[in-house]
Structures are given as structure tokens and as C-alpha cells.
Amino acid sequence: MVQVCDTLTTDFEKINIDPFWNVGNEVEHKNHRIHAYPAKFPAFITQKAIQYAISENIKINCIGDFFCGCGTVAFESKRLGFDFWGCDINPTAVLIAKAKSNTYSISYVKKYFSNIMDLYDARYNTHIMPSHINDRITYWFYPKEIFELSLLKQCIYDVVPARSKYRHYFLCAFSNILKPTSKWLTKSIKPQIDPNKKPANVRQAFIKQCIIMEKAIADEPCNSNANIEIKLKNALTLRRKEFVDLIITSPPYVTSYEYADLHQLTTLWLDYADDYRDLRKNSIGSNHNIFTNDCYTLLNCVGQEIVRDLRNVDKSKARAVAKYYFDMQRITNVCKSALTINGMLVMVIGNTEYKGVYIDNVKHLVKSMQNSGFSKIYVAKRKITRKILTPYRDKFGRFSSNDNQRKVYSEEFIVIGR
Ligand SMILES: C[S@@+](CC[C@H](N)C(=O)[O-])C[C@H]1O[C@@H](n2cnc3c(N)ncnc32)[C@H](O)[C@@H]1O
């Protein structure tokens, strides 16, 4: 780990890998695997960040994550007994994060589950489909699966009361069977139809998913009384002051995942939007949010230089990256205001490359944190172990070990500021 003195002359790529941030000390809790989520980070990063903050004498009451995704930091904070406040702009993320960090009684889960399945079987021959089915659902699913999923969803709504936390639990289970029961190309991180795919059976997929989730509840029950709040919110509009002592977060990477597109099946089935593309708005890092050229002067000097180089190779990409940097500059202000006086920000972020232009997100972030008033900034580098053997993506966006493909990140950085 190095302390940053001069941002502009520091070559962050040359920092040595810091083993402290590389691997965890324990096996990850099963709860972290109840629902797939792109760019979920390993749970041990939260534990390491807390350990590091305590060693730096931070008194932690409440932990924050303003890009909480599927709730990795939320659940770990709860497990370790710290209050947590988090938000995400993606309703699917909020659904999973809530399902993960609520405390559930196994006997209630079993009771609701068996009532849902009994109702599903009893109604199978009489269920009437809703009169309107979104066109996009008919694009992704065959009629049999649409019928069965619509029945299953109705049974969940009829069995589990609307305001019950068990609604989140079963809708999270429902959400995670949507890709396997659709035509979505298996394991693809791009929305793409596989014309040869045989969709999983809805009933069996739901039962299998509920067994996985029950096992997660049974895995080292978490009885802490920590207060966990998770909101559906745009972090850019967060105005709360001095209410978290430690922020542990991984912001979206620049123009990488289109979260709204990737979670469109859940969006459509759970009626989060009629048109899933509406949810791209304000989603940081989306390729669809661009920036007009004349606002480029609002970027810090690091951002301006990268955007200038990108303009020579791809003007539209340059505008998307400019928007990303502008948003990230606002986010470091939001984090600084949200932290208590001695608080600490821990961000996990990676660099990338586009058509030969090196996109130094770390340098931009450090500069941005300095401009927001963080005075002591440290940077550590870690290996992304899961991706060491598969550092390329094929044309469908699947990880591959074929070196003819596009390179993806194999290292990332922990940027710490006070
Ligand atoms: C890298 S992921 C976080 C993953 C998370 N650490 C986890 O383990 O699941 C970044 C998240 O930022 C969210 N996001 C993007 N723009 C946002 C915004 N304006 N406000 C809040 N969340 C946003 C995305 O929906 C995504 O869930």
C-alpha cells in the first residue's frame, strides 16, 4: 500500500500487489451466492476494510455503501454487528440486498414455501394469464414458461403478505430462476438469445433455488441486532451529512456493465418498469449516458487528459467516459459529506484500456478525492483471483482463456481516503 503524495506523477500500475487484500481468511457465507450479480465483489473485502479501519482507530458505528449492488457489504456488516446504510439505483439490486440482509426464520420460510407450491399445483389447470404480457417477455420466454412463471408469481403474491419481508425472499428466488427458464444465453453477461437452449423447468428451478436459499439461512445463522437500511436511490442525489463512519464500496466500472439491460427479466416480471431501458437513466457507467463536449471543462485534469485521448479514437465513447468521470467526481463529494469527521472511504476500482487508450480510473478517482477534501489517500493493488485463468472475453461476453479475445481486468485497486 502506498500513500499518494503527487497524484499526477504516481504510476499506480507499478504498485506491488498487496497480499493483505488478496485473499480472505474464511469461506464465504452461502448467503452471498443466493442470486447472481455482475461485479459483485468478494465478501472478504468488507472484512479486510473493517479490520484496516479499526487498525487506523476508526470508531465504527455505521457502515455505508452507496452502490450496494446485491448487498455484499450490507450482509457482512450485519454479520459482524455493525449498522449499515446503503442504496442502489437498480431495483433488482435492492431486492437481492434486502433478501440477503433480512433475518428469516427457517420455519416461516418452509411454511410459505410449501403453501406456494401447494397453490401452484392446485391452480395449474385453472390459472388464467394476465390479459397483457409485456412484448419483451414474449421475446425472452416460450409460452409454457410464461404461463408457469405468471402462475408462480401470482402464488407468491397470494401466499406472502405484501408488506412481509418474506415477499423479498421469495421474489428474490423468483428473480434468480428467470435467466435459466428463458432463452437467455447461459452465463452470458450480454442480453442474447440462445435459439437452441432448452429452458429449465419452472417448478423444479424454483424448488432448487429455494433449497439453496434455505441452506444459506442455515449456514452460520446471523443473530446480530445491527440496524440495516437499504434504499432504492440515486447516490448522486444523496444529501445526508456525517452519518456513516466507514464507506466500503465498488462503484460501477467505466462503460462496462449495463445493469438495466442485464436485469431486464426481473424488471419486466416484477413490474419495475414497462420499458427496462428507462432504468439506464442515472446509472453511472452506462454507455447510454453521454456528456456534451462543452461540459468537458468540468472534469479534473486527469479526466480531461483521458477524454482528450479517447476523442481521437472514438468520440461517442469519449462522451460516455466524460459523463462517468463527471458523475464519479460528484460521488466523491457525496461520500465526503456523508462521512463523520474521522471517517474513512474505501473504494474498489480497476483500470482498463480502450482501443489503445489507457483509462486510468484510479488516478482520476484519487484526484477527485483530493478535490473533494480527502487529505490522506492510500492505494493498494490486489489480484482478481477468479479471473486469473480466464482473462479474456469471447464475442458473447463470456469469460474465455483464448488470448485472441478482448482483455479484461486481472488486477484492481483499493483506494482509501480520510
Ligand atoms: C460494481 S456494482 C456494486 C457491486 C456490489 N459491491 C456487490 O458486491 O454486489 C455497482 C453498482 O452501482 C449501481 N449504480 C450505478 N449507478 C448508480 C447510482 N447513480 N446510484 C446508486 N447506485 C448506482 C449499479 O446498479 C451497481 O449495482
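Values in this document were obtained by computation on a predicted structure and should not be read as measured data. (Residues numbered from 1 in each chain as written. Predicted model: local features only at pLDDT ≥ 70, side-chain atom pairs only at ≥ 80, totals over all residues. Heavy atoms only, no water.)

## Side note on the overall build of the protein chain
Here is the rule we go by: Numbering of helices and strands runs from the N terminus, with a helix taken as a DSSP run of H or I at least four residues long and a strand as a DSSP run of E at least two residues long. In this treatment the radius of gyration is a C-alpha quantity, and the globule benchmark scales as 2.2 Å times the residue count to the 0.38 power. Throughout this description, buried means an accessible area under 20% of the type-specific maximum (1.4 Å probe, protein chains only), exposed means over 50%, and partly exposed covers the range between. The criterion used for residue contact is that any of the two residues' heavy atoms lie within 4.5 Å. Only the protein chains shown count as covering a residue, and every accessible area follows the Shrake-Rupley method with a 1.4 Å probe. Positive charges come from Lys and Arg, negative ones from Asp and Glu, while His and the chain ends are left out of the count. For the purpose of locating charges, the reference atoms are NZ of Lys, CZ of Arg, CG of Asp and CD of Glu.
Each helix and strand in the protein chain was counted, giving 13 helices and 13 strands. Computed over its C-alpha atoms, the radius of gyration of the protein chain comes to 22 Å, within 12% of the 22 Å expected for a compact globule of 418 residues. Expressed along its principal axes, the backbone C-alpha trace of the protein chain runs to roughly 70 × 50 × 40 Å. Expressed as a percentage of the 418 residues in the protein chain, the buried residues total 56%. Looking at the protein chain alone, contacts between residues at least 24 apart form 77% of all its contacts between residues at least 6 apart. Accessible surface, the protein chain: about 18,900 Å² in total, of which carbon and sulfur atoms supply 50%. A gap of 1 Å separates the mean positions of the 59 positive and 41 negative side-chain charges of the protein chain.

## A word on the side chain of Asn22
Of note, Asn22 is situated in the loop between β1 (2-3) and α1 (44-55). Among the residues examined, Asn22 registers a relative accessible area of 14% and is labelled buried. Look past the residues within four positions of Asn22 in its chain and what remains in contact with it is Ile17, Phe44, Arg382 and Lys383.

## Remarks on the state of the cysteines
Filter applied, for reference: Throughout, a disulfide means two cysteine sulfur atoms within 2.5 Å of one another.
Counted under the stated rule, the structure contains zero disulfides. The structure places no disulfide on Cys335, whose sulfur is separated from the nearest cysteine sulfur, that of Cys87, by 9.6 Å. Its relative accessible area of 2% is what places Cys335 among the buried residues.

## Overview of the site of the ligand
Convention followed: Residue proximity to a molecule or strand is established when one non-hydrogen atom of the residue lies within 4 Å of it. N or O atoms closer than or at 3.5 Å make up a polar contact, with two conditions inside protein: a donor-capable atom paired with an acceptor-capable one, and, for residues adjacent in sequence, both atoms drawn from side chains. Residues are grouped as follows: nonpolar covers Ala, Val, Leu, Ile, Met, Phe, Trp, Tyr, Cys and Pro; charged covers Asp, Glu, Lys and Arg; every other residue, Gly included, is treated as polar.
Around the ligand, the surrounding shell holds 23 residues, and the nearest of these are Tyr37, Thr72, Asp88, Asn234 and Ala235. The contact in question runs from an oxygen atom of the ligand to an N or O atom on the backbone of Cys70, over 2.9 Å. Asn282 has a polar backbone atom sitting 2.9 Å from a nitrogen atom of the ligand. In isolation the ligand exposes 600 Å². Once the protein is present, 99% of that is buried. Residues that form the shell around the ligand fall into these classes: 13 nonpolar, seven polar and three charged.

## Description of helix α13 (residues 361-371)
Summarising burial for α13: nine of the 11 residues are buried, a large majority. Downstream of α13 by one or two residues, Gly373 has phi in the positive range, about 105 degrees.

## Things to note about the packing of aromatic side chains
For clarity, the cut-off: Stacked, edge-to-face and tilted labels apply to pairs of Phe, Tyr and Trp rings (six-membered ring for Trp) whose centres lie within 6.5 Å, assigned for plane angles under 30 degrees, over 60, and everything in between, in that order.
Considering all chains together, one arrives at 22 aromatic pairs under this definition. Their ring planes at 65 degrees and their centres at 4.9 Å tell us that Tyr104 and Tyr169 sit as a pair that is edge-to-face. Taken together, the positions of Tyr104 in the loop between α3 (91-101) and α4 (106-123) and Tyr169 in helix α7 (residues 165-176) put the pair 65 residues apart, joining distant regions of the chain. Assigned by exposure class, Tyr104 and Tyr169 land together as buried. Between Tyr169 and Phe170 the ring centres are 4.9 Å apart and the planes differ by 75 degrees, which places this aromatic pair in the edge-to-face class. Owing to a relative accessible area of 0%, Phe170 belongs among the buried residues under this scheme.

## Digging into the sheet that holds strand β2 (residues 62-65)
Condition: A pair of strands is labelled paired if DSSP reports no fewer than 2 bridges between them. For helices, the fitted axis covers only the stretch in contact; all axes are lines through C-alpha atoms, and the angles between them, taken along N-to-C directions, range from 0 to 180 degrees.
The strand order across the open sheet formed by eight strands is β1-β9-β13-β6-β5-β2-β3-β4, and the pairing between neighbours is mixed. The two strands at the open ends of the sheet, each matched to only one other strand, are β1 and β4 (228-232). For strand β3 (residues 83-88) and β4, the ladder comprises five bridges, and the chain directions are parallel. Considered in β4, the bridge of Gly86 is made with Ile230. Where α1 meets the sheet, its contacts fall on β2, β5 (244-249), β6 (339-349), β9 (377-383) and β13 (411-417), and the angle it forms with β5 comes to roughly 145 degrees. Along the sheet face, α13 touches β6, β9 and β13 and points at about 5 degrees away from the line of β13.

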